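# Structural description and commentary
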Amino acid sequence: MTESVTAEEERYAALKELRSAADEVADAARLEALGDASFRVRGEAVLQLAARPVSARIEDALVLGLGAGDNAGLRNGACDLMIRYGGAIAAAVARAMRAADADVRKLAIDVAGEIAHPSLATVLLAALRDANVNVRIAAAEALGNFDSAEAAKALVAGLEDGELVFELACLESLARRQCAVPAARLLRHLKDPYKRRAALAVLGHTPGMDSLEVLLGGLGDERTSTLTAAVKALGAWLEASERS
């Protein structure tokens, strides 16, 4: 056994000794272990912290962890723990979504999409107008997990943004939320091979003969992926039509 492995085992064993501890000193040790070089130590820290009530100290540490640019393990651990806490840490996630660092904003938005707490919808809608395109794309993706008429309206508006990847994210979120979008609003995207499959998926949730005509046209596409998307969308269209 090498010295490094021995050191790792010692840190892991020391952390395991804290499993029954319920005080701030133990929480401080757990938070420090969240940035450990060992995956096993970090995993143990996440499990222990997830069983603890959310405190201001934990919130602040996790928000700072999102900005640990030189420690991917700490960033991932902070994200994992925030997702496990769910709505209990929504306020801290919202704070991180307004951070000066675009990378922190994006990570926080990714977390918000997983938590999907209603209180985060307003901040996500604002993030659709972020100066950083990656943040905007992340916000569009995250809103696909929110059952909100305002979110759906914003995603439809995003289809006219002009940024290809952002528009694709809006289409995919609309499809995931099974939102109906008039065929006329999707014609430009249907002509783009990069976005066509996502646009077809949205049409599948849009009853009406205009949608059906476009979907049937997709059956003649030579690309297997597009043909598969059209067939799947037709099945969804039939179900949506029966419900309408």
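Our subject is the structure that appears above.
Conventions and cut-offs
- Residues numbered from 1 in each chain as written.
- Predicted model: local features only at pLDDT ≥ 70, side-chain atom pairs only at ≥ 80, totals over all residues.
- Heavy atoms only, no water.
- Axes fitted to C-alpha atoms, helices over the stretch in contact; angles between N-to-C directions.
- Helix = DSSP H or I, 4+ residues; strand = E, 2+ residues; numbered from the N terminus.
- Parallel < 35°, antiparallel > 145°, perpendicular 65-115°, else oblique.
- Contact = heavy atoms within 4.5 Å.
- Nonpolar A, V, L, I, M, F, W, Y, C, P; charged D, E, K, R; others polar.
- 1 Å grid on protein atoms, 1.4 Å probe; cavity = no way out; pocket = protein on both sides within 12 Å on 5 of 7 lines; lining within 4 Å.
- Points joined across faces, edges and corners; volume = space filled by probe spheres on them.
- Disulfide = S-S within 2.5 Å.
- Phe/Tyr/Trp six-rings, centres within 6.5 Å; stacked < 30°, edge-to-face > 60°.
- Lys NZ or Arg CZ within 6 Å of the ring centre and 35° of its normal.

## Thoughts on the packing of helix α13 (residues 196–203) against helix α15 (residues 224–243)
- Interhelical geometry of α13 versus α15 gives an angle of 10 degrees and a closest axis separation of 8 Å. On the basis of their axis angle, the class for α13 and α15 is roughly parallel. When α13 is examined against α15, the residues Arg 196, Arg 197, Leu 200, Ala 201 and Leu 203 are found in contact with a partner set consisting of Ser 225, Thr 226, Ala 229, Ala 230, Ala 233 and Trp 237.
- Tallied by class, residues from the contact of α13 with α15 come to seven nonpolar, two polar and two charged.

## Examining the layout of surface pockets
- Counted as a void, the largest pocket has a volume near 290 Å³.
- Taken together, 14 residues make up the lining of the largest pocket; nearest its centre are Ala 175, Ala 201, His 205, Lys 232 and Ala 233.
- Of all elements in the fold, only α11 (164–176), α13 and α15 reach the threshold of two or more residues within the lining of the largest pocket.
- Considering every element that reaches the lining of the largest pocket, the biggest residue donor is α15, with seven residues.
- Classifying every residue of the lining of the largest pocket by side-chain character gives seven nonpolar, two polar and five charged.

## Section: the state of the cysteines
- Following the criterion strictly, the structure yields zero disulfides and no others.
- Here Cys 179 is not cross-linked by a disulfide; its sulfur's nearest cysteine counterpart is in Cys 170, at 11 Å.

## Here we look at the packing of aromatic side chains
- Per the stated rule, a full pass over the model turns up zero aromatic pairs.
- A cation sits over an aromatic face here: Arg 136 above Phe 166, 4.4 Å from the ring centre.

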